[in-house]
Amino acid sequence: MGLTSRSLLYTVVFVAVLCVGLTLWLWPRLSGRGVLPLLGRLGAILVTQLTIMSSVLLAVNSANSFYGSWGELIGKYDRAPGQVTQGIESGGPNAAAVDAGKGGLVKHTGTEGIDKTDIPQGPKDKVGAVESVRLVARRAGVVEPAFVYLPPQYFQEQYKRQRFPVIIAISGYPGGITNLSHFLRVPKTASELITERRMQPTVIVMVRPTIAPPRDTECVDVPGGPQAETYFTKDVPEALKSAYRVGHEASAWGVMGYSSGGTCALELAMRQPGTYPVAGALSADYKIKNDLTTGNLFGDGEEGEKNKREHDLIWRLKNLPAPRVSVLVTSSKEGEKNFKETEKFLKAVKEPMTAAKIILPSGSHNFTTWRREVGPTLEWMGKQMTFPQDVNN
């Protein structure tokens, strides 16, 4: 039986219930004094606790797909990079005001939160550099942390007047920006790809998906609440353009993420193609739902139902004109719960939208899987964006 199979979960739950029943039935017989009754009681407690905990852990793993196979559970992973393939061809059948104050819209915070082991080591004009900053969002009314990876060319004399393409990398919820630098290895991976000339020089900005923690805002403009979509599509580009040499036209901008960050990437690209015409989504969902962590994201009544429908990306493709965007989605045939929905999404893609995919034979909803996908995703995204875009006068 597979690690995530229902039959295994039901079997272990049955065994746990049986052990509880046997413990209650045998307990009077084990109530005597002496070594054997003592060992019997201890054994009954341990076996019962073990089966109950196994049931709980299996249920949690089944719901979240942390480990998709027994091999992954014991640390046996396939670490080969995923392969990008073309998806279904398009047209195929198938707040409060925030004052920027002194320092403008990007406030540098030194090395706050940066672990030296997570960033490329060497001269910045050879490997690039990572800066820790705060992004001031005047429309959304928040100040958010971010890491900014600058490629080596950003510091080289021959590129001093060039504007660079930029990728907004969004972490999953409830993870933060350190997950992107430490577990997903975004700065190191980008540096290696650029050095090997497999990716064009690109600025990568690492951010978290929520602007009102601990609430999961899912990159949605909540009626009467946090304006997360506005933050990502208006405030973030404005702040970055004010402080860095990044492209001023949409063709130089892309967005990517993993898990709920991947969902955000797809939502932002398909809802705001004039800001992010390129998206890479690792293990994304294709619609946003209300839950305990999000609260009511869409509002009430008919308008709320309309907002909810419009955040269902497969519904959008079937009922609204497709946006002019290029997206890459990833999943695994074994270990990822979104595989069937990914197939539905790819079949729904139509002109002028295009889609590519990375489908692994197996891989769970965890960083080991996403590290296999992040390099090919960055490489693919780099080919979709323009550079050099314009000259910095």
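Our subject is the structure that appears above.
Worth saying up front: this structure is predicted, and the values here are computed from it rather than measured.

Draft legend 1. Local environment of the packing of aromatic side chains. One pass over the structure, following the stated rule, counts 12 aromatic pairs. Plain terms: the ring middles of Tyr258 and Trp370 are 4.7 Å apart, the flat faces sit at 35° to each other, and that makes the pair tilted. Within this pair, whereas Tyr258 is found in strand β7 (residues 253-258), its partner Trp370 is found in helix α12 (residues 367-384), the two being separated by 112 residues in sequence. When sorted by exposure, Tyr258 lands in the same class as Trp370, which is buried. Here a set of aromatic residues connected by ring pairs shows up, and it is made of Tyr154, Phe155, Tyr159, Phe164 and Phe387.

Draft legend 2. A look at empty space enclosed by the protein. What the largest cavity holds in volume is close to 40 Å³. Residue lining of the largest cavity: Met270, Arg316, Leu317, Leu320, Pro321, Ala322 and Pro323, and that is the complete set.

Draft legend 3. Examining the pattern of salt bridges more closely. Applying the stated rule across the entire model yields 13 salt bridges. A salt bridge links Glu144 to Arg208; its shortest N-O distance comes to 2.8 Å. Of this pair, Glu144 sits in strand β4 (residues 142-150) while Arg208 sits in the loop between β6 (203-207) and α7 (228-243); the two residues are 64 residues apart in sequence, bridging distant segments of the chain. A salt bridge links Glu229 to Arg271, with the shortest nitrogen-to-oxygen separation between them at 2.8 Å. Here the residue Glu229 occupies a position in helix α7, and Arg271 occupies one in helix α8 (residues 260-271), the gap between them amounting to 42 residues. Members of the salt-bridge network, linked through shared partners, are Arg138, Arg139, Asp235 and Glu238.

Draft legend 4. Seen up close, the state of the cysteines. Going through the model one piece at a time under the given rule, you end up with 1 disulfide. The disulfide that involves Cys219 links it to Cys264, with 2.1 Å between the sulfurs. Taking the torsion about the sulfur-sulfur bond, which here is approximately 100°, the covalent link between Cys219 and Cys264 counts as right-handed. A residue pair is termed long-range when its members are at least 10 positions apart, and Cys219 in the loop between β6 and α7 and Cys264 in helix α8 qualify at 45 residues.

Draft legend 5. Broad picture of the pairing of strand β3 (residues 129-137). Judged by how many residues are buried, β3 sits mostly within the fold: 7 of 9 residues are covered. Alignment of strand β2 (residues 106-108) against β3, held across 3 bridges, turns out to be antiparallel. Looking at β3, one finds that Val106 is bridged to Leu135. As judged from the 9 bridges shared by β3 and β4, these two strands associate in the antiparallel manner. Bridge assignment links Ala137 to a residue of β4, and that residue is Val142. Joining the antiparallel neighbours β3 and β4 is a turn of 4 residues, in which Gly141 adopts a positive phi near 70°.

Draft legend 6. Just the packing of helix α6 (residues 186-195) against α12, in detail. Running from N to C, α6 and α12 point in directions that differ by 55°, and their axes come no closer than 10 Å. If you check the angle between α6 and α12, you find them oblique. Where α6 crosses over α12, the handedness of that crossing is right-handed. Contact with α6, carried on its side by Val186, Thr189, Ala190 and Leu193, involves Val374, Gly375, Leu378 and Glu379 of α12 and no other residues of that element. For the contact of α6 with α12, the residue count by class is 5 nonpolar, 2 polar and 1 charged.

Draft legend 7. Representation of the nonpolar core in the model. Leu135, Ile168, Tyr231 and Phe345 are the most contacted members of the largest nonpolar core, which totals 56 residues. Every residue in contact with Leu135, bar those within four places of it in the chain, is listed here: Leu105, Val106, Val142, Val143, Glu144, Ala146, Val207, Tyr231, Val236, Ala239 and Leu240. Counting residues in hydrophobic clusters, the runner-up holds 32 residues, among them Phe147, Ile358, Trp380 and Met381.

Draft legend 8. Local environment of unusual backbone geometry. Residue Pro174 is bonded to the preceding Tyr173 through a cis peptide linkage, with omega at 10°. Positionally, Pro174 belongs in the loop between β5 (166-170) and α5 (177-183). In this structure, the amide linkage connecting Glu351 to the following residue, Pro352, adopts the cis form with an omega of 5°. With respect to the secondary-structure elements, Pro352 resides in the loop between α11 (339-348) and β10 (354-362). The phi angle at Arg197 is positive, at roughly 60°, despite the residue not being glycine. Inspection of the secondary structure puts Arg197 in the loop between α6 and β6. Using a relative accessible area of 79% as the deciding quantity, one classes Arg197 as exposed. Positive phi, normally seen in glycine, also occurs at Cys219, with a value near 60°. Since its relative accessible area comes to 2%, Cys219 is described here as buried.

Draft legend 9. The arrangement of α12 in detail. Between its terminal C-alpha atoms α12 stretches 25 Å, which fits the 26 Å expected from 18 residues at 1.5 Å a residue. Its maximal kink placed at Glu373, α12 deviates by approximately 30°, while the proline Pro376 follows within four residues. α12 sits mainly inside the fold: 15 of its 18 residues count as buried.

Draft legend 10. Spatial organisation of the pairing of β10. The pairing of strand β9 (residues 326-334) with β10 spans 8 bridges and is parallel. Counterpart to Leu328 in the pairing with β10 is Ala356. Considered for its hand, the β-α-β crossover made up of β9, α11 and β10 is right-handed.

Thresholds applied
Note that residues are indexed from 1 along each chain, following the sequence as it is written. Reporting in this predicted model follows two pLDDT cut-offs: at least 70 for local features of residues, and 80 or more for side-chain atom pairs to be given and counted; totals over whole chains, interfaces and linings ignore these cut-offs and use all residues. As a convention, hydrogens and water are excluded, and side-chain values are obtained from all of the structure's heavy atoms. Each pair of aromatic rings taken from Phe, Tyr and Trp, with Trp reduced to its six-membered ring, is defined by centres within 6.5 Å and is described as stacked if the planes are under 30 degrees apart, edge-to-face if over 60, and tilted in the remaining cases. Numbering of helices and strands runs from the N terminus; a helix is a DSSP stretch of H or I covering at least four residues, while a strand is a stretch of E covering at least two. The buried label goes to any residue with under 20% of its type's maximum accessible area, the exposed label to any with over 50%, and the partly exposed label to all in between, with areas taken from a 1.4 Å probe on protein chains only. Each cavity reported here is a set of points on a 1 Å grid over the protein atoms alone in which a 1.4 Å probe fits but cannot get out, each pocket an open set with protein on both sides within 12 Å along at least five of seven lines, and each lining residue one with an atom within 4 Å of a point. Grid points are joined across faces, edges and corners, and a volume is the space filled by probe spheres set on the points. Throughout this description, the term salt bridge denotes a Lys or Arg side-chain nitrogen within 4 Å of a carboxyl oxygen of Asp or Glu. Any two cysteine sulfur atoms lying within 2.5 Å of each other are counted as a disulfide. Pairing between strands is defined by DSSP: at least two bridges between them are needed. Orientation is described by axes fitted as lines to C-alpha atoms, over the contacting stretch for helices, and by angles from 0 to 180 degrees between their N-to-C directions. If an angle is under 35 degrees, it is roughly parallel; if it is over 145, roughly antiparallel; if it lies from 65 to 115, roughly perpendicular; otherwise it is oblique. Rotating anticlockwise by less than a right angle from the far helix to the near helix defines a left-handed crossing, while the corresponding clockwise rotation defines a right-handed one. Contact definition: two residues touch when any of their heavy atoms are within 4.5 Å. Three classes are used: nonpolar for Ala, Val, Leu, Ile, Met, Phe, Trp, Tyr, Cys and Pro, charged for Asp, Glu, Lys and Arg, and polar for all others, with Gly counted as polar. As used here, the term nonpolar core means buried Ala, Val, Leu, Ile, Met, Phe, Trp, Tyr and Cys residues forming a set that is joined through side-chain atoms within 4.5 Å. What a helix should span is 1.5 Å times the count of its residues minus one. What the bend at a residue measures is the angle between two axes, fitted to the seven residues ending there and to the seven starting there. Consider the strands pointing away from the viewer: the crossover is right-handed when the path from the first strand over the helix to the second runs clockwise.

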